[in-house]
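# Descriptive structure summary
Chain by chain, the residues:
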Amino acid sequence: AAMPVVFSGELAGSVYIMDYDTEQGQLIADLEMNILRSSIILEVAILVISVFFSIVSSGRMRTILTAMRLAREGEYTHPIKMHGTDEFATFSEEFDKLTARLQVSDASHELKTPLASIKLLSDSILQNEMDAGTMREFVADIGSEAERLNRMSQKLLMLTRREEGTQEHEVVDVADVVTRVFRMLVPLADSQQIKLTANVDRSCTILAFEDDAYQIMFNLVENGIKYNRPGG
């Protein structure tokens, strides 16, 4: 028969201490594992958040750079309108204010063209003998320029109020625009001994704002007269 094993008091105490140390060691090991897992999860979360904010910041920066490139090319009608309270949003707000002021400045400068046209026409009427039909044409041109001046003034007013309109582009006949420009600038060309010629296909059309097309053509022809040579 097996004999029961009886530990002495001293030996029993040692076994109890050994069991206690093993339990404590397991608790510490489990705690270390939990800390390691938490650290890994935290590092992954930080990495994901960093990548996310990097992508967002990169996108916002690209938006700002695109708007800056457009502004450098003279296109001020594309505000950034970036939401938020960070540095990007603050910069975009200041940039939009700057482009709005540039739009007003451009619109103010464009007012000079119809004013110059009206002056040219009125001077021609005063300085030249004209039949009734020619004078009616010149007066009609003055009225047309006055209407264009009024539209540009309204556009300038909208810009100053930051209530830009949503006008759609229209089909513009280039030959008609050139004819109007030439008729307006013939007196100036004659005074400079400059000959104006154009060869435009009647079917040549562009998609634009008619006033803008006229403005561009007028500036080109006027510069061609001013910086030309006599007989050019």
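Here's a quick rundown of the structure. (Residues numbered from 1 in each chain as written. Predicted model: local features only at pLDDT ≥ 70, side-chain atom pairs only at ≥ 80, totals over all residues. Heavy atoms only, no water.)

## With respect to the overall build of the chain
We count it as follows: Segments assigned H or I by DSSP are reported as helices when at least four residues long, segments assigned E as strands when at least two residues long, and all are numbered from the N terminus. We call a residue buried when its accessible area falls under 20% of the maximum for its residue type, exposed when it is over 50%, and partly exposed in between, using a 1.4 Å probe and counting protein chains only. Residue contacts are counted whenever heavy atoms from the two residues lie within 4.5 Å of one another.
A count of helical and extended segments in the chain gives 6 helices and 2 strands. When each of the 232 residues of the chain is scored for burial, the buried share is 23%. For the chain, the share of sequence-separated contacts (at least 6 apart) that also reach a separation of at least 24 residues comes to 76%.

## Remarks on unusual backbone geometry
Its identity is not glycine, yet glutamine 193 carries a phi of approximately 60°, on the positive side. For glutamine 193, a relative accessible area of 56% corresponds to the exposed category.

## Some points on the nonpolar core
Let me state the cut-off plainly: The set of buried Ala, Val, Leu, Ile, Met, Phe, Trp, Tyr and Cys residues whose side-chain atoms join them within 4.5 Å is what this entry labels a nonpolar core.
Counting residues in each nonpolar core, the largest one holds 20 residues, and the members touching the most others are Val181, Leu185, Tyr214, Phe218, Val221 and Ile225. Ranked by residues supplied to this core, first place goes to helix H5 (residues 174-191) with 9 residues. In this view, leucine 185 contacts Leu120, Leu196, Phe218, Val221, Glu222 and Ile225; residues no more than four positions away in its chain are not counted.

## Some points on helix H6 (residues 210-226)
For the record, the criterion: Here the expected length of a helix is defined as 1.5 Å per residue gap, with one fewer gap than residues.
Taking 1.5 Å of rise per residue, 17 residues should cover 24 Å, and H6 covers 24 Å from first to last C-alpha, within 8% of that figure. Taken together, the buried positions of H6 are occupied by Ala213, Tyr214, Gln215, Phe218, Val221, Glu222 and Ile225.

## Concerning helix H2 (residues 87-110)
Residues spaced three or four apart along an α-helix face the same direction, because each turn holds 3.6 residues. Here H2 contains 24 residues, and its C-alpha end-to-end distance of 35 Å stays within 8% of the 34 Å for a straight helix at 1.5 Å per residue. Within the sequence span of H2, burial applies to Ala89, Ser92, Phe95, Asp96, Thr99, Ala100, Gln103 and Ala107.

## Overview of the side chain of arginine 148
You can see arginine 148 is positioned in helix H4 (residues 132-160). Setting aside residues no more than four positions away along its own chain, arginine 148 makes contact with Thr113, Pro114, Asp211, Tyr214 and Gln215.

## Considerations on the side chain of arginine 180
Worth spelling out the cut-off: Counted as a polar contact is a pair of N or O atoms within 3.5 Å, where, for protein atoms, one must be capable of donating a hydrogen and the other of accepting one, and residues adjacent in sequence contribute only when both atoms are in side chains.
With respect to the helices and strands, the residue arginine 180 is situated in helix H5. The class of arginine 180 is buried, set by a relative accessible area of 19%. A distance of 3.1 Å separates polar atoms of two side chains, one belonging to arginine 180 and the other to glutamate 210. Excluding residues within four positions of it along the chain, arginine 180 makes contact with Ser144, Glu210 and Tyr214.

## Some remarks on the pattern of salt bridges
Short version of the rule: By definition, a salt bridge exists where a carboxyl oxygen of Asp or Glu is found within 4 Å of a side-chain nitrogen of Lys or Arg.
Following the criterion strictly, the structure yields 6 salt bridges and no others. Here aspartate 123 makes a salt bridge to lysine 119, at a shortest N to O gap of 2.9 Å. Here aspartate 123 and its partner lysine 119 are both found in helix H3 (residues 112-127), 4 residues apart, which amounts to about one turn of the helix. We classify aspartate 123 as partly exposed; its relative accessible area is 23%. The closest approach of N and O atoms between arginine 148 and glutamate 145, which form a salt bridge, is 3.1 Å. With arginine 148 and glutamate 145 both in helix H4 and 3 residues apart, the pair spans about one turn of that helix. Among the residues examined, glutamate 145 registers a relative accessible area of 1% and is labelled buried.

By themselves, these figures tell us nothing about what the structure is for.
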